[in-house]
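Coordinate inspection notes
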Amino acid sequence: MSLIAELPNAGLLKKVADAMKDLCKDVNFDCSEKGIQVQSMDSSHVALVSLNLKESAFTDFKCERPASLGMNVDSLTKILKMTSPNDSLKIRHQVDSDVVGFQCEGTDDRISEFELKLMQIESEHMEIPEQHYKVIAKMPSSEFQKICRDLKEFGETLQLSGSKEGLKFQVKGDIGSGNVLLKPRESEKPEEKVSLTIHEPVNATFALRYLVNFSKAAPLCGSVTLGLGPDAPLLVQYDLESEDKGHLKYYLAPKIEE
Amino acid sequence: MSLIAELPNAGLLKKVADAMKDLCKDVNFDCSEKGIQVQSMDSSHVALVSLNLKESAFTDFKCERPASLGMNVDSLTKILKMTSPNDSLKIRHQVDSDVVGFQCEGTDDRISEFELKLMQIESEHMEIPEQHYKVIAKMPSSEFQKICRDLKEFGETLQLSGSKEGLKFQVKGDIGSGNVLLKPRESEKPEEKVSLTIHEPVNATFALRYLVNFSKAAPLCGSVTLGLGPDAPLLVQYDLESEDKGHLKYYLAPKIEE
Amino acid sequence: MSLIAELPNAGLLKKVADAMKDLCKDVNFDCSEKGIQVQSMDSSHVALVSLNLKESAFTDFKCERPASLGMNVDSLTKILKMTSPNDSLKIRHQVDSDVVGFQCEGTDDRISEFELKLMQIESEHMEIPEQHYKVIAKMPSSEFQKICRDLKEFGETLQLSGSKEGLKFQVKGDIGSGNVLLKPRESEKPEEKVSLTIHEPVNATFALRYLVNFSKAAPLCGSVTLGLGPDAPLLVQYDLESEDKGHLKYYLAPKIEE
């Protein structure tokens, strides 16, 4: 086996696949001793999805030789749909084999096994430079999802501005215009907190439909982090349940105003 | 500001808009010092919708000059979908302005604002004479909805008859015929009671699809009141949560039997 | 009345009709002093549905003269949709009448009545010989449904094999192959148990879409019994809530391997 990777909860990979499937069709799962990574442009080449599933997320992880396992995300979600969230999941791949094996075992003596055919996918690994965002906002992931979905009803383009006043989501459309203003909010539950770090006010516009897609990753983590810079892509980051298991990041280029 | 109107719960207006949207496309919200009223024929000019949202339903209500605010009901529901049921909602309109503003504030420091473009809608205000119905029935609004929906599966025309025996909903169709008989029913919960007042037996027929639409107003109030007269339109009335906040009334002309 | 049959819970007949409606369009309900029976091939003449609703399932049952009542299953489900699960249901039929009457009465003084037009349906009563299955498996009906639905995503043909190892559901498709292995499982709740009786290993293939349809009968009973023989049709049996009320059996011919 070139790769044996065992997750305690199949649910984690299921949520990851669900969060990618509306953006990416076929992706390479790059396996190395550090864990599993995915980097993929969305099919319209506007957004970038970057997954880092750290070796520490697994109860057992051995990767003898780095390998890129090309999978169809839809097929992967079909396989993971069969698992119960608390089933353990073993992923196996032998050097040069054209299939990857999934074995999932529940507490109830049911064992499911799948072999998924691998695909050759042209890989375009990009170096994403570490950004120093001028505005960093952390907010409940369900609230981010609701704001994006609701504003999508009014128009296509979101104007996002971070300032001392708060984080403002604005949209203009045929029937009128609307905005939602979010202010810092304390809460005992970390996932209900809103925290804002404003080094410098930023104002940028983005295509709402990508944000609606990103925000579907909400089941992964109770909170989401947004990073805004004046000329930088927007960062939308979800930790994988907890920070030390890794993260799923989305990047979206701003719309250039005409 | 010619109008400032503040509702303690945005949910009330949301339920009102939802209850109108399948019948009316564009309506005038007539604002006066008494509150907000809507009167509108449905788009096929068979049914009449009449809303009375009393001044007392608002925590704050100022209307300096009567105004008719023409809105698209679908656009209004999109705006109200953004509110949480317990958000407070402020409606604002300036004399001669062509937009109406909605500001909604939750307990969680999130402020949403919308400006909806107003429309010029030809108004046809009808005087609805106070009727003395021969049969008055009060029943659970959810039960009325279920009966209408279920009978709709069998045919298009409902025969509604009130008599000493009870209130009978009858329908005939291709696969057979069916009826539901409702008798007076006591209950500690007012919304589970069925009460019947029969001054004179009445028997009339109505197009079921309108009743199915009316019955969608069930979330507004636990009970619904039906008023039947021999040659009068059917009245279907929902209080707005409680009677003193106002009501939403539907009127439907009987089908003439051939 | 040639037939008066009263069920304490309309819900039972509702679940039976729901379990038949995706397979059979029009069926004969054969009434005799023993109860009500249905035997019908599915519309593509591959599967057989066999219902036995015993006289003991009824609180009141009189059948003076055997009769075949031909009904459209869809129309029947529309009628039964009107009942609440705990309503009592009276079925009535007069000799030579072309309608069958359903009267349902709730605890809340609501009485619903329906007359369904009967149909003439060509009856093809088959004698189903009692089989001695080589493999008999009893498992949770919800789990059987989930396995069938999930595997249906991967391919059309299910390979079912019972052996000492357990009961194995296997499917091969374009994206890969998968299998679920079920082992005997003890539980205090009878509906969560898995029990296997293997007289002889059996291995046969079936069209998954029929199994998906059969498995929709899960609401009838917490557990389902599968019977497998080397050259026999697969038996999928649900008791009607309990064994003494009767059962619903499905038979499916194996696919011949080319």
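Residues numbered from 1 in each chain as written. Chains lettered and ligands numbered in written order. Predicted model: local features only at pLDDT ≥ 70, side-chain atom pairs only at ≥ 80, totals over all residues. Heavy atoms only, no water.

**Side note on the relation of the copies chain A and chain B**
Put simply, the rule is: The superposition of copies rests on a least-squares fit of C-alpha positions from residues with pLDDT of 70 or more in both.
The two copies are related by a screw motion: chain A maps onto chain B through a turn of 120° and a shift of 0.0 Å along the axis, at an RMSD of 0.0 Å. The transformation just described matches what one would write down for a three-fold rotation axis. Residue Pro219(A), judged by its C-alpha, is the member of chain A lying nearest the rotation axis, at 17 Å.

**Observations regarding the pattern of salt bridges**
Residues and elements named next belong to chain A. What counts here: What counts as a salt bridge is simple: a side-chain nitrogen of Lys or Arg found within 4 Å of a carboxyl oxygen of Asp or Glu. In this scheme, a residue with accessible area under 20% of its type's maximum is buried, one over 50% is exposed, and one in between is partly exposed, where area comes from a 1.4 Å probe on protein chains only.
A full pass over the atoms with the stated rule returns 34 salt bridges over all chains. Across the pair Asp 26 and Lys 25 runs a salt bridge, and its minimum N-O distance is 3.8 Å. When its relative accessible area of 24% is taken as the criterion, Asp 26 is described as partly exposed. Lys 25 gets classed as exposed once you look at its relative accessible area, which sits at 58%. One continuous salt-bridge network, built from bridges that share partners, spans Lys 14, Asp 18 and Lys 21.

**Observations regarding helix 4 (residues 208-215) of chain A**
Formally: Only runs of H or I of at least four residues qualify as helices and only runs of E of at least two qualify as strands under DSSP, and these elements are numbered from the N terminus.
Across the eight residues of helix 4 of chain A, seven count as buried, placing the element largely inside the fold. Considered for burial, the residues of helix 4 of chain A that qualify are Leu208(A), Tyr210(A), Leu211(A), Val212(A), Asn213(A), Phe214(A) and Ser215(A).

**Here's the deal with the packing of aromatic side chains**
Residue and element names in this part refer to chain A. As a reminder of what qualifies: Ring pairs are drawn from Phe, Tyr and Trp, using the six-membered ring of Trp, whenever the two centres fall within 6.5 Å, and their geometry is named by plane angle: stacked under 30 degrees, edge-to-face over 60, tilted for the rest.
Per the stated rule, a full pass over the model turns up twelve aromatic pairs over all chains. An angle of 90° between the planes, with centres 6.2 Å apart, marks the rings of Tyr 238 and Tyr 250 as edge-to-face. Taken as a pair, Tyr 238 in strand 17 (residues 234-240) and Tyr 250 in strand 18 (residues 242-252) lie far apart in primary sequence, twelve residues in all. Given the relative accessible area of 0%, Tyr 238 is considered buried. Tyr 250 gets classed as buried once you look at its relative accessible area, which sits at 0%. Cluster of aromatic residues (ring-pair linked, three or more members): Phe 214, Tyr 238 and Tyr 250.

**Description of the domain arrangement of chain A**
All names here are of chain A. Let me state the cut-off plainly: Per the annotation, domain bounds derive from an automatic or database assignment of domains. Here's the idea: put two parts together, see how much 1.4 Å probe accessible area each one loses, and the total over both is what we call buried area. The term polar contact refers here to a pair of N or O atoms within 3.5 Å; inside protein, the definition further demands a hydrogen-donor-capable atom paired with an acceptor-capable atom, and it admits residues adjacent in sequence only when both atoms are side-chain atoms. Nonpolar residues are Ala, Val, Leu, Ile, Met, Phe, Trp, Tyr, Cys and Pro. Charged residues are Asp, Glu, Lys and Arg, and all others, Gly as well, are polar.
For chain A, the assigned domains read domain 1 (3-117) and domain 2 (135-252). Using only C-alpha atoms to locate each centre, domain 1 and domain 2 end up separated by 27 Å. A buried area of about 1700 Å², summed over both sides, lies between domain 1 and domain 2, and 61% of it is on carbon and sulfur atoms. Contact with domain 2 buries surface across domain 1, with Leu 12, Lys 15 and Ala 19 losing the most and accounting together for 26% of the total. Along the contact surface separating domain 1 from domain 2 lie two salt bridges. Residues Lys 216 and Asp 22 are paired through a salt bridge, measuring 2.8 Å at the closest nitrogen-oxygen approach. At the surface where domain 1 touches domain 2, the tally comes to nine residue pairs in polar contact (both at pLDDT 80 or more). Elements with a contribution of two residues or more to the side of domain 1 that touches domain 2: helix 1 (10-20) and strand 4 (47-54). Considering each element in turn, the side of domain 1 that touches domain 2 owes the most residues, eight residues, to strand 4. Partitioned by chemical class, the residues of the side of domain 1 that touches domain 2 number twelve nonpolar, four polar and four charged.

**Some thoughts on the interface of chain A and chain C**
The line we're drawing: Pairs of residues are marked as contacts when any of their non-hydrogen atoms sit within 4.5 Å. When DSSP finds two or more bridges between two strands, those strands count as paired.
Across the boundary between the two partners, chain A contributes 15 residues, which contact 20 residues of chain C. Around 1600 Å² of area is buried between chain A and chain C when both sides are counted, 51% of it from carbon and sulfur atoms. In terms of surface lost to chain C, no three residues of chain A exceed Lys78(A), Met82(A) and Arg110(A), which account for 32% of the buried area on that side. For the pair chain A and chain C, the number of links is one salt bridge. Joining chain A to chain C, the criterion identifies seven residue pairs in polar contact (both at pLDDT 80 or more). Mapped by element, the contributors of at least two residues to the side of chain A that touches chain C are helix 2 (73-81) and strand 9 (110-117) of chain A. Among the elements that take part in the side of chain A that touches chain C, strand 9 of chain A stands out by supplying eight residues, more than any other. A per-class count over the side of chain A that touches chain C returns five nonpolar, two polar and eight charged. Strand direction decides the pairing type here: strand 9 of chain A and strand 13 (residues 176-182) of chain C, joined by seven bridges, are antiparallel.

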